[in-house]
Amino acid sequence: MERRSFLKFSAALSGASMVPSFVFAKDLNKSLVKTGKVKTAAHWGVLEVETKNGKIVSSKSALNVSPYPNPLQNYTKDLVENSRVKHVYVRKSYLANPDSPKPELRGTEEFVKVKYEDAIKLVAKELKKTRKAFGSQGVFAGSYGWKSSGNVHNSRILLHRFMNMSGGFVGSTGDYSTGASQIIMPHVVGSIEVYEQQSSWNDVLANSEVVVLWGANPYSTLKISWTSNEEEAQKYLESLKNSGKQIYMIDPYLNETGRYFGDKIKWIPIRPNTDVSMMLAMCYYLYTTNNYDKDFIENYTYGFDKFVPYLTGKVDGVVKDAKWASKICGVDAKIIESLAKTFKDHKTMLMSGWGMQRADHGEQPHWTLVTLASMIGQIGLPGGGFGLSYHYSGGGTPTAKGGIIGGINAGSIGNYDENGKFLGLAKSDFESKGTGQSWLQKATNYSFPLARIADALLNPGKVIDHNGEKITYPKIDFIYWVGGNPLVHHQDTNTMVKAFRKPRTIVVNESYWTPTAKMADIVFPATTQYERNDITMVGDYSNMYIAPMKQIVEKVADSKDDYQIFTDLCKAYADGLAEVYTDGGKDEFDFIKEYYDGARKQVLAISDLGVEMKEFNEWWESNEPVKFNSTMESDSWVRFADFREDPILNALGTPSGLIEIYSQDIEKMAYDDCKAHPTWFEPAEWLGMAKKPAKFHMMSVHPNDRLHSQLNQTSLRDKYAIANREPLLIRSDDAKEIGVKDGDLVRVFNERGEVLAGVKIYDNLAKNVIVLREGAWYDPLDPTKKSICKNGCANVLTIDKPTSKLANGNISHTALVNIEKYTQKAPKLTAFEAPKGV
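A quick note: this is a predicted structure, and the numbers were derived from the prediction, not measured. (Residues numbered from 1 in each chain as written. Predicted model: local features only at pLDDT ≥ 70, side-chain atom pairs only at ≥ 80, totals over all residues. Heavy atoms only, no water.)

Engineer: Describe the packing of aromatic side chains, and please don't skip the residues or the numbers.
Structural biologist: Going through the model one piece at a time under the given rule, you end up with 44 aromatic pairs. Their ring planes at 50° and their centres at 5.4 Å tell us that Phe 111 and Trp 513 sit as a pair that is tilted. With Phe 111 in strand 5 (residues 111–113) and Trp 513 in the loop between strand 21 (505–510) and helix 20 (515–518), this pair connects stretches of sequence that are 402 residues apart. Like Trp 513, Phe 111 is buried. (Phe/Tyr/Trp six-rings, centres within 6.5 Å; stacked < 30°, edge-to-face > 60°. Helix = DSSP H or I, 4+ residues; strand = E, 2+ residues; numbered from the N terminus. Buried < 20%, exposed > 50% of the residue type's maximum accessible area, 1.4 Å probe, protein only.)

This is the structure we're talking about:
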């Protein structure tokens, strides 16, 4: 526009801040590519999606970097079409009387289709009712989980933004993935560690002589990232495979990574939940042979002298030697001692997974691993030390130098008068970040550990210990959940079902008829990420790309973006609230452009970057990711190198500034289930028990062909299901003992529940260990009572018990089960069908 027309136009809108940003640029081409190829992004990578006449035909990687296939990239069509929630539904009894909605009928009663506008008004009304009766602590805004990629349509933060601005809510802390370690590691090394950048893969390949994969499966888990997968770490894994280095896998299960490495890896089968005993025995061997790094222990750690009496048995009369450990962990004593010597005498990188800390007393494995690494003495040196995130989101891929996009934030608490009139936002006294590990943000003043949600719903007013504090569970009357599937993610599903029948109101925004959606009162049909526009970083640690996420197809039926749903809820809740929520009426393109332009400004300020970021419209039209490059410094970066160089100037965030083998802070807490130093605790259930409640230890590992429960409803399932159920891996000798064979349908059960699964014989397992992957959609035979899950949901069988009073993490990998052949007629699978009334 010419200048005068511009001023006249902006004045008419009462200030340029109210004008959508795209008005000032040439018009964007927002039309869909009905027939052709479009690039977008998902957790499993940057995708090229082909359409024909407005329908998805195929999808594949747009980067083509990975040396091995990622089938998660090929089922976008199914993710748009299968098991969709297409309209707004309300549970029959809730619609009839929200004050007495018969919550005990959740999951069994039919739904009624209602108008979107009526449902919006209903939710706003019932939310106000809850806040009037219970205050903000009566409202729980959950939504932990792998929500869709994208910094604009971040469903979790959009929910928290609405809940904050409308009056506040109760949230959760931590996560299921690393609940124990993210609490213990700050006490040990002063940082959360499980979500930190690792020593560069280039450093490992150049300098490590020995690499240990301890309870990790990077071949499988590197297929996904929290933002979007840049696929680079998979190249490094291939290089490691062909490097000629000595590679060990310590794991009860020779997993996909072990099979990928083939004869290049030495497998050490260990009994599940016993890693701490093996690590302690290695520490004992190094100490008693005087083959540990005394200088590192003296100058870089605190409390070793207080740990040694426990290690040598002076505290409890139990010497933690290799013979002691061998009886517990099932690994020969000579192998334990030989490994300890090998690790000490060579540049060794200990790469740990997270499964070992998802167990009873899960605080101990990573604490003990750091203690072992400290005695080896290579922390902060090229090629040595430990890493807790090489298997996750491309950890160790060198960080690129470039621009970082922003994201939606969780806003501030809204102020209201006694009549409910919106008065504006209060100054926020908590963080509200829209990037990175967004489930770890502190978006509310009221929270409890995520893994205790069922306990909290069932026991309002209960006081628990947590990391030196006391937490009182609130009385939760209203739950709003988006972007997650807690009925499948949480341990002891039958108890979780009981818990979900306690609150008066449960609202869910969901794209699919998941088990969680079927347990709700009000269900809004949410778009998938393929039905809207967005922007994302690619590479959680590398920040290697900024990728456009172009809308691929029209919104399915009555589906709406979460942003639209919460904007409309704001309008129904209070006058003026929507204006604040949308930052003056912005749409998705306003935010996308704002975040892109912010990153572009950063890039333009770096003179030697050598990367061109086009003007936004041109970039969006090009539909190509912007790629940034790593630097010489990031290529050779070594974790803890600065600390190693000068532990005084570069002190860690612990009270002593050093690695704390002994923690005085934890000592003061005086917990009986987490001592002040690494300790072996006998798990609640394990194969070494004197009186076992069941025969087999179940490993509910991360699925190779899903992202937790995502993609379970796609046709990818046809490639791995056995007897149309979740596969159960079992050794041939174990199968023979109980009279089952390959392909049989079996009942897997314990006192907590029972599931159906299909037998797949696999001999590379420790004795009496079976694998039933987590994430299968819960599908009860009779939803009116505790009954068998027809689809093989592993969490029906797991224990809902906290790791300890310190972290309150989950113990999903601590579970014994029995198995028998299922002789009745196989029931029809209904996991992916819509509920009654739909």
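Picking up after the structure, the text goes on.
Engineer: For the domain arrangement of the protein chain, give the residues involved together with the corresponding values.
Structural biologist: For the protein chain, the assigned domains read domain 1 (89–174 + 443–529 + 559–628), domain 2 (190–398 + 636–646 + 655–669) and domain 3 (696–821). Centre-to-centre, using C-alpha coordinates, domain 2 lies 28 Å away from domain 3. Both sides together, the interface formed by domain 2 and domain 3 hides about 2000 Å², and carbon and sulfur atoms give 57% of it. The largest contributions to the domain 2 side of the interface with domain 3 come from Tyr 253, Arg 358 and Glu 363, which together make up 30% of the buried area. (Domains from an automatic or database assignment. Buried area = accessible area lost by both parts, 1.4 Å probe.)

Engineer: Which residues make up the pairing of strand 24 (residues 545–549), and what values do they have?
Structural biologist: The buried fraction of strand 24 is high, at five of five residues. With five bridges joining them, strand 23 (residues 534–538) and strand 24 adopt antiparallel strand pairing. Note on strand 24: the bridge partner recorded for Val 538 is Tyr 545. Here strand 23 folds back onto strand 24 in antiparallel fashion, the turn holding six residues, of which Gly 539 has a positive phi close to 100°. Here strand 24 pairs with strand 25 (residues 626–627) via two bridges, running antiparallel. Directly across from Tyr 545, in strand 25, lies its bridge partner Lys 627. (Pairing = 2+ DSSP bridges.)

Engineer: Describe the nonpolar core, listing the residues and the values that go with them.
Structural biologist: Formed by 132 residues in total, the largest nonpolar core has its most connected members in Trp 44, Trp 214, Met 278 and Phe 386. Here this core gets ten residues from one element, more than from any other, and that element is helix 11 (residues 275–288). Two domains each put at least three residues into this core: domain 2 (190–398 + 636–646 + 655–669) and domain 3 (696–821). Setting aside anything within four residues of it in sequence, one finds Trp 214 in contact with Ile 250, Asp 275, Met 278, Met 279, Met 282, Met 351, Ser 352, Gly 353, Met 356, Leu 369 and Leu 372. Judged by nonpolar contacts, the second largest core, of 61 residues, contains Ala 400, Ile 535, Met 613 and Trp 620. (Core = buried A, V, L, I, M, F, W, Y, C linked by side-chain atoms within 4.5 Å. Contact = heavy atoms within 4.5 Å.)

Engineer: Would you mind going over the packing of helix 14 (residues 322–329) against helix 15 (residues 333–345) in detail, with residue names and values included?
Structural biologist: Contact geometry of helix 14 with helix 15 gives a least axis separation of 8 Å together with a crossing angle of 115°. As helix 14 packs across helix 15, the resulting crossing turns out to be right-handed. In this structure, helix 14 contributes Ala 322, Lys 323, Ala 325, Ser 326 and Cys 329 to the contact, and helix 15 contributes Ala 333, Ile 336 and Glu 337. The residue inventory of the contact of helix 14 with helix 15, partitioned by class, reads five nonpolar, one polar and two charged. (Axes fitted to C-alpha atoms, helices over the stretch in contact; angles between N-to-C directions. Left-handed = near helix turned anticlockwise from the far one by under 90°. Nonpolar A, V, L, I, M, F, W, Y, C, P; charged D, E, K, R; others polar.)

Engineer: Tell me about the UniProt feature "binding site: Mo-bis(molybdopterin guanine dinucleotide)" (unreviewed entry) in the protein chain, and name the residues and values.
Structural biologist: Those residues carrying the UniProt feature "binding site: Mo-bis(molybdopterin guanine dinucleotide)" (unreviewed entry) are Trp 146, Arg 358, Asn 485, His 489, Arg 532, Asp 562 and Asn 795 in this numbering. With the annotated positions falling across 650 residues, the maximum pairwise C-alpha distance of 35.4 Å shows that they are not confined to a single cluster. Checked against the lining of the largest cavity, the annotated residues reduce to Trp 146, Arg 358, His 489 and Asn 795. Looking at the secondary structure, you find His 489 in helix 18 (residues 486–489). When near neighbours in sequence (up to four residues on either side) are disregarded, His 489 contacts Tyr 176, His 708, Ser 709 and Asn 795. You can see Arg 532 is positioned in the loop between strand 22 (522–525) and strand 23. With relative accessibility at 3%, the residue Arg 532 sits in the buried group. (UniProt positions renumbered as here; feature names shortened; annotations may be inferred. 1 Å grid on protein atoms, 1.4 Å probe; cavity = no way out; pocket = protein on both sides within 12 Å on 5 of 7 lines; lining within 4 Å.)

Engineer: Describe the sheet that holds strand 31 (residues 753–761), naming the residues involved and giving the relevant values.
Structural biologist: The mixed closed barrel is built from six strands, whose spatial order is 28-32-29-31-30-33. Along the sheet, successive strands turn relative to each other by an average axial angle of 45°, direction set aside. Judged from the four bridges that link them, strand 30 (residues 745–750) and strand 33 (residues 816–821) form a sheet pairing that is antiparallel. Note on strand 33: the bridge partner recorded for Val 746 is Lys 821.

Engineer: Account for the pattern of salt bridges, naming residues and giving values.
Structural biologist: Pairing is possible between side chains that carry opposite charge, provided their charged atoms lie close to one another. The final tally for this structure, using the stated rule, is 46 salt bridges. In this structure, Asp 455 and Arg 452 form a salt bridge, with 3.7 Å as the shortest nitrogen-oxygen distance. Of the two residues, Asp 455 and Arg 452, both sit in the buried class. One salt bridge in this structure joins Arg 747 and Glu 820, with 2.9 Å as the shortest N-O distance. Taken together, the residues Arg 747 in strand 30 and Glu 820 in strand 33 connect sequence positions 73 residues apart. Taken together, the shared-partner salt bridges connect Lys 695, Arg 731, Asp 733, Asp 734, Glu 737 and Lys 767 into one network. (Salt bridge = Lys/Arg side-chain N within 4 Å of Asp/Glu carboxyl O.)

Engineer: For the layout of surface pockets, give the residues involved together with the corresponding values.
Structural biologist: The calculated volume of the second largest pocket comes to roughly 570 Å³. What lines the second largest pocket is a set of 29 residues, and nearest its centre among them are Gly 107, Arg 501, Tyr 778, Pro 780 and Pro 783. Every element with two or more residues in the lining of the second largest pocket is listed here: helix 19 (493–500) and helix 20. A total of four residues in the lining of the second largest pocket trace back to one element, the largest contributor, which is helix 19. Per-domain counts for the lining of the second largest pocket show at least three residues from each of domain 1 (89–174 + 443–529 + 559–628) and domain 3 (696–821). (Points joined across faces, edges and corners; volume = space filled by probe spheres on them.)

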